[in-house]
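In case you want the letters, here they are:
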Amino acid sequence: MGRERLLGLKCEQCGTLYPPEDECQTCCPQCGPRYGTLECRLDYDYIRRLLNKNPLMNRRDMSMFRYRELLPVINAESHVPLHIGWTPVYESEMAAKNLNLGRVFVKDDGLNPTASYKDRASAIAVARARELDFEAICTASTGNAAASLAACAASVHLPCIVIVPVATPQAKLMQMLAFGATVIPIDGSYDQAFNLTIEVCREFGWMNRSAGFNPYLVEGKKTGAIELAEQMGFDVPDVVFVSVGDGSIITGLCKGFKELRLLGFTDRCPKVIGVQAAGANVLVQAWNRYMETGEANFNPIPNPHTIADSICVGEPREGIRALKAVKSVGGYFMDVTDDEILNAMKRMPLETGVFGEPASATAYAGLIKASPSLGKDVSAAVLITGSGLKDLATAGSLWKTDDNPLEPSINSFDQILEKVRQNEER
Ligand SMILES: [Zn+2]
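What comes next concerns the included structure. Keep in mind that this is a model prediction, so the values were computed, not measured.

Cut-offs and rules
- Throughout, residues of each chain are indexed from 1 in the direction in which the sequence is written.
- Where local features are concerned, this predicted model is filtered to residues with pLDDT of at least 70; where side-chain atom pairs are given and counted, the filter is 80 or more; whole-chain, interface and lining totals use all residues.
- Strands are labelled as partners when DSSP assigns at least two bridges between them.
- Secondary structure follows DSSP: runs of H or I at least 4 residues long count as helices, runs of E at least 2 residues long count as strands, and numbering of each begins at the N terminus.
- Residues enter a nonpolar core if they are buried, belong to Ala, Val, Leu, Ile, Met, Phe, Trp, Tyr or Cys, and are joined to the set through C-beta atoms within 7 Å.
- Counts of 20 or more other C-beta atoms within 10 Å of a residue's own C-beta define buried residues, counts of 12 or fewer define exposed ones, and intermediate counts define partly exposed ones; C-beta atoms are placed from the backbone.
- It is the C-beta atoms, placed from the backbone, that decide contacts: two residues are in contact if theirs lie within 7 Å.
- Only the contacting stretch of a helix is used when fitting its axis, a line to C-alpha atoms as for every element, and angles between N-to-C directions run 0 to 180 degrees.
- We call two directions roughly parallel when the angle between them is under 35 degrees, roughly antiparallel when it is over 145, roughly perpendicular when it lies between 65 and 115, and oblique otherwise.
- Asp, Glu, Lys and Arg are counted as charged, while Ala, Val, Leu, Ile, Met, Phe, Trp, Tyr, Cys and Pro are counted as nonpolar; the rest, among them Gly, fall into the polar class.

1. A closer look at the sheet that holds strand 6 (residues 137–140)
Then, number 1: Spatial strand order, 8-7-6-9: four strands in an open sheet with parallel pairing. In the strand order of this sheet, the two ends are held by strand 8 (182–186) and strand 9 (207–208), each with one partner.
Then, number 2: For strand 6 and strand 9, the ladder comprises two bridges, and the chain directions are parallel. Looking at strand 9, one finds that Ile137 is bridged to Met207.

Spelled out as structure tokens, the structure:
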């Protein structure tokens, strides 16, 4: 079971289909790593016979593995035991009203086991590592992917090595350490960490989970799209906003939406809008050129900078796949400044009830910025890719507790009322 679903690994650039036996193949040997990972090519005619809409909606597995027919994991025994996916979708009438849109939804992937979307990809990578008998798994990360991999690996007692920039937020580092990963901070960037994983994995024979290297991650990342659609009764929103670093999540989302349409579960794909930070906007620049020249390519930025650490990427490894994926669903790329991200970080919890990390607020900032051009009947969804508790240093620049604590007595009542009134006025 399972093997029949995977036709092979396909290069989207030259079209070569590598047989599924080449399971450790990462990129196309002819085209090179610049074009991203190979695509897991699934047999949709076969899957259509296995997976029907109504039985699916009655399934009791409330995790990403409820879509097992669409995943490249062969044995159910290799799944990680953590509960990943089926994260909630909330509608915010206040956001819709403030932004003059038809409906606004947020999907809170901060509620995954390690509080980020990356758990969806790590679960697939660890399951594949077990199926392929790797003795250890390693990743480069800006923080969330490593924290997530550490947890998934710990849950099945697989040794885990993570290579991260030394400036990674504390909360993410503590997660990696708590789950027993070997943490290797480097005095360098995420892009340098990525290159190092390729060398060490080759040298020591570990599986490499790095996004843009491991071809199975996109398959885990597509489950957020499939879930969002199912949770909305397969009546997908008009637009979906997501922040973009290396381009892996957005590539997965587009794939998920397209698969649902292929299977006849939906009648259209939402426009997926990739939001980048202005200081790390490689794909926004690339998108503009792509629209002008028809050529999907990008120029790396040597020193990307943004407060949104999770998307501070100068060389997006799935960049070209992301550009093509977004074009195929009629979406686009846009950027927002760090000030716009901070503003969105303040607004999002008040308007939606969800506290997101700066990269999640980036997607919300995109929604705010794009809203005047969307139209008052449009339904929009925002993907919250990580919890706000992941980066308290940035949060600390936005909010402060009161320096003058009150006497713990009902006699302080007037002052309490005054504080409530002041807070409401803000
Ligand atoms: Zn190729």
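2. Quick notes on the nonpolar core
Then, number 1: Core analysis: the biggest nonpolar cluster contains 126 residues, and Ile137, Ala150, Phe241 and Val242 have the highest contact counts within it.
Then, number 2: What Ala150 contacts, discounting residues up to four positions off in sequence, is Cys160, Val162, Gln175, Met176, Phe179 and Ala181.

3. Let's talk about unusual backbone geometry
Then, number 1: Positioned with a positive phi, Trp86 is a non-glycine residue whose angle comes to about 50°.
Then, number 2: Mapped onto the elements of the fold, Trp86 is located in the loop between helix 2 (53–57) and strand 4 (89–91).
Then, number 3: Judged by C-beta crowding, with 17 C-beta atoms within 10 Å, Trp86 ranks as partly exposed.
Then, number 4: We note that His157 has phi near 60°; this positive angle belongs to a residue other than glycine.
Then, number 5: As for its position among the elements, His157 is in the loop between helix 5 (144–155) and strand 7 (160–165).

4. Focus: the packing of helix 13 (residues 338–352) against helix 14 (residues 358–374)
Then, number 1: Between helix 13 and helix 14, whose axes approach to 8 Å, the crossing angle comes to 95°. Classified by the angle their axes make, helix 13 and helix 14 are roughly perpendicular. Where helix 13 abuts helix 14, its residues Glu340, Ile341, Asn343, Ala344, Met345 and Met348 lie against Pro358, Ala361, Thr362, Tyr364, Ala365, Ile368 and Lys369.
Then, number 2: Taken together, the residues of the contact of helix 13 with helix 14 sort by class into nine nonpolar, two polar and two charged.

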